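As a plain string of letters, each chain reads:
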Amino acid sequence: MENSHCDSSSIMNDLPLHLLDEILFKLEPKSMAMMRCTNKSIKSYLSDPRFGPEYASWVRSSLFNVSSYGAVYVYCQPLVSSCDYMSPGNEVELISERCYFFGSCSGLLLLYIGCLFVANPLTKRFRILDHSGSKLIPKIVGGNDNSYPEGNIARTERAMCVGFAVNPNRTTKRFMIVCILEMETVYGFEISDGDSWRLSETTITTSSKSDLTTRMKPAYLDNTLHWLRNDGSIISFNPETEQACLISSIFHREPDTKLLFAESIKINRLTLISGTIETISVYTLVGNHKWALTRRIKNISIEENTLECWNIVAYDGKCLVVRVKKRGLESFEGVIHVYDMEANSWGVLGSTTIWASCVRDFYKFTPSLFSVEEDEQQKVLVASNDQRISYLIAIMGLIDTTK
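The shown structure was predicted, so the numbers you read here are calculated from the model rather than taken from an experiment.

Conventions adopted
Residues numbered from 1 in each chain as written. Predicted model: local features only at pLDDT ≥ 70, side-chain atom pairs only at ≥ 80, totals over all residues. Heavy atoms only, no water. Helix = DSSP H or I, 4+ residues; strand = E, 2+ residues; numbered from the N terminus. Buried < 20%, exposed > 50% of the residue type's maximum accessible area, 1.4 Å probe, protein only. Contact = heavy atoms within 4.5 Å. Areas by Shrake-Rupley, 256 points an atom, 1.4 Å probe, with all protein chains shown as cover. UniProt positions renumbered as here; feature names shortened; annotations may be inferred. Arc of directions from axis to C-beta. Polar contact = N/O pair within 3.5 Å; in protein donor to acceptor, adjacent residues only side chain to side chain. Core = buried A, V, L, I, M, F, W, Y, C linked by side-chain atoms within 4.5 Å. Pairing = 2+ DSSP bridges. Salt bridge = Lys/Arg side-chain N within 4 Å of Asp/Glu carboxyl O. Axes fitted to C-alpha atoms, helices over the stretch in contact; angles between N-to-C directions.

Engineer: What is the right way to read the overall build of the protein chain from this model?
Structural biologist: Scanning the protein chain for helices and strands turns up nine helices and 24 strands. Expressed as a percentage of the 403 residues in the protein chain, the buried residues total 52%. Of the contacts made within the protein chain by residues no fewer than 6 positions apart, 52% connect residues no fewer than 24 positions apart. Counting every atom, the protein chain has about 18,900 Å² of accessible surface; 49% of that belongs to carbon and sulfur.

Put into structure tokens, the structure is as follows:
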């Protein structure tokens, strides 16, 4: 039996790379993760940074759905362009802790459940991070804080100041956490590579005051984090070079419009989505100064007399996701719709439960095999059956590993 195992490993090792890719890409993500653990050659091959981005295009993405103010329920649904039926998706209930999502990037999640974690739901590997050195994160997840006299809502709305960056082309220190510190017309940045926190020497001083757009997550493009300001301009920061700049773009937001700031992976551009009940417009940043209209889409049919709220929640250049919450429905109050940008058609992705509030955050997650280095503290907590670890493992288990 041992010789048979060695022979099969040898055959795999001798395959041309394009054939090996074809075989591996036909595996479900869960099977590939298991193969990574049992075959040293495959593990080494899958650790090659060039393989990670390719694999992401072959597997199904998912959409996490959580309350913006600390979630007691975490929902996750496969992100597909159309469905024949509505499903509420999978969910995890947290009884003794609240969950805060801070980012999803290249197959890794940054989230807080009693402590800060970076996790890969596909490989089930995770690491506990020390967030005590951050000026911002303890204020967001902590208790009473005089910095935000408005209370819990004001604290958690600052979660959009946390940026999570994963560079798949690096073999070490692949992820960085960046918190943007907003001080009137001056912006500073605190950085963590997972080991320690420090204040960057880089600052930006702007000529006019415009706040960062509340509850608008940063967009990550070309190894750079981008934060949108209310006037349409952008603060950009590269965590590796620590270079920052102000992109003096201007966008005049119309009253009663919904707005989403995102990166289009299809054309590798920053994008603004502006929507009314009738139409949704897609704008692309051109030449670092102008938002150019590139697409106009007829919105789904929304009956205003039964409408409680609606939001544009996700966009990546391939699909656009909208959530509509109505009043008076017995079985569910929210429906998630997805628009296929290539097929030019709307489909129904799923539903949200009756108690789901209007103020929710959505995070697109695409599985990858990027490694997460574990530490001794994690092993101790796992061995002690720590409830926070149990919640994290349950959330990682929400990911659909079928293709």
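Engineer: Just to check I follow, could you spell out unusual backbone geometry for this structure?
Structural biologist: Generally, phi is negative for residues other than glycine and the peptide bonds are trans, each holding for most cases. Of note, Arg 215 is a non-glycine position whose phi angle comes to about 60 degrees, a positive value. Within the secondary structure, Arg 215 sits in the loop between β11 (197-205) and β12 (219-221). The class for Arg 215 is partly exposed, based on a relative accessible area of 30%. Not every positive phi belongs to a glycine, and Asp 222 is a case in point at roughly 55 degrees. Topologically, Asp 222 is positioned in the loop between β12 and β13 (224-228).

Engineer: So what exactly am I meant to see when it comes to the UniProt feature "transmembrane region" (unreviewed entry) in the protein chain here?
Structural biologist: As recorded in UniProt, the feature "transmembrane region" (unreviewed entry) lies at residues 100-119. End-to-end, the C-alpha atoms of residues 100-119 are 13 Å apart, and along that stretch the chain is 0% helix and 75% strand.

Engineer: Looking at this structure, I do not really get helix α9 (residues 387-396). What am I missing?
Structural biologist: Along an α-helix, residues three or four apart share an orientation, since each turn contains 3.6 residues. Considered for burial, the residues of α9 that qualify are Ile 389, Tyr 391, Leu 392, Ile 395 and Met 396. Here the buried residues of α9 occupy an arc of 160 degrees about the axis, which is enough to place them on one side. Capping the start of α9 is the job of one residue whose side-chain oxygen sits 2.8 Å from the backbone nitrogen of Arg 388: Asp 386.

Engineer: In this structure, what is going on with the nonpolar core? I would like to understand it.
Structural biologist: Buried together is how nonpolar side chains tend to be arranged in soluble globular proteins. Ranked by size, the top nonpolar core spans 40 residues in total, and within it Phe 102, Val 162 and Phe 164 carry the most contacts. Discounting chain neighbours no more than four positions away, the residues touching Val 162 are Phe 102, Leu 110, Leu 136, Ile 137, Ile 140, Ile 177, Val 178, Cys 179, Pro 218 and Trp 227. Counting residues in hydrophobic clusters, the runner-up holds 27 residues, among them Val 66, Phe 365, Tyr 391 and Ile 395.

Engineer: Looking at this model, I keep getting lost on the pairing of strand β9 (residues 175-183). Mind explaining?
Structural biologist: Every other side chain in a regular strand lies on the same face of the sheet, so the side chains alternate between the two faces. Extensive coverage of β9 is indicated by the burial of seven of its nine residues. Pairing of strand β8 (residues 162-166) with β9 involves five bridges; the strand directions are antiparallel. Opposite Ala 165, over in β9, you have Met 176 as the bridge partner. Linkage of β9 to strand β10 (residues 186-192), two consecutive antiparallel strands, is achieved through a turn of two residues, within which Glu 184 is found at a positive phi near 55 degrees.

Engineer: Honestly, the pattern of salt bridges in this entry has me stumped. Any pointers?
Structural biologist: Pairing is possible between side chains that carry opposite charge, provided their charged atoms lie close to one another. If you walk through the whole model with that rule in mind, you get 10 salt bridges. Residue Arg 198 is joined to Glu 242 by a salt bridge in which the shortest nitrogen-to-oxygen separation is 2.2 Å. Highlighted residues: Arg 198 in strand β11 and Glu 242 in the loop between β14 (234-237) and β15 (244-247), separated in sequence by 44 residues. Its relative accessible area of 18% is what places Glu 242 among the buried residues.

Engineer: Teacher, can you tell me more about the pairing of strand β21 (residues 319-326) here?
Structural biologist: Burial runs high along β21: seven of the eight residues are buried. Summarising the sheet, strand β20 (residues 307-315) and β21 pair through seven bridges and their orientation is antiparallel. When the sheet's bridge partners are listed, Ala 314 is paired in β21 with Val 321. What sits between the antiparallel neighbours β20 and β21 is a turn of three residues, in which Gly 317 has the positive phi angle 95 degrees. As paired strands, β21 and strand β22 (residues 334-340) are joined by seven bridges and run antiparallel to one another.

Engineer: I keep staring at the sheet that holds strand β17 (residues 269-275) and nothing clicks. Help me out?
Structural biologist: Strand-to-strand pairing in sheets goes through backbone hydrogen bonds, with the strands running parallel or antiparallel. Strand order in the open sheet made by the four strands is β16-β17-β18-β19, with antiparallel pairing throughout. In this open sheet, the two strands that pair with only one neighbour each are β16 (258-264) and β19 (290-298). For this sheet, the mean angle separating the axes of adjacent strands, direction not counted, is 25 degrees. Here β17 runs beside strand β18 (residues 279-286); their pairing, made up of five bridges, is antiparallel. Along β18, the bridge assignment pairs Thr 271 with Thr 284.

Engineer: Hey, could you run me through the sheet that holds β15 in this one?
Structural biologist: Strand order across the open sheet formed by four strands is β12-β13-β14-β15, with antiparallel pairing between neighbours. Two strands close off the open sheet at either side, each with one partner strand: β12 and β15. Geometrically, the sheet is characterised by an average inter-axis angle of 25 degrees between neighbouring strands, direction not taken into account. Two elements, β14 and β15, share four bridges in a ladder whose sense is antiparallel. Residue pairing across strands places Phe 237 opposite Ala 244, the latter belonging to β15.

Engineer: So what exactly am I meant to see when it comes to the side chain of Asp 340 here?
Structural biologist: Along the chain, Asp 340 turns up in strand β22. In this structure the side chain of Asp 340 is engaged in a polar contact, spanning 2.9 Å, whose partner is the backbone nitrogen of Glu 342.

Engineer: Please explain the environment of Asn 344 as it appears in this structure.
Structural biologist: For Asn 344, the location among the structural elements is in the loop between β22 and β23 (345-352). The class for Asn 344 is partly exposed, based on a relative accessible area of 47%. Sequence separation of Asn 344 and Lys 298 is 46 residues, and the distance between their C-alpha atoms is 9.8 Å. If we skip the residues at most four places from it in the chain, Asn 344 touches Arg 295 and Tyr 339.

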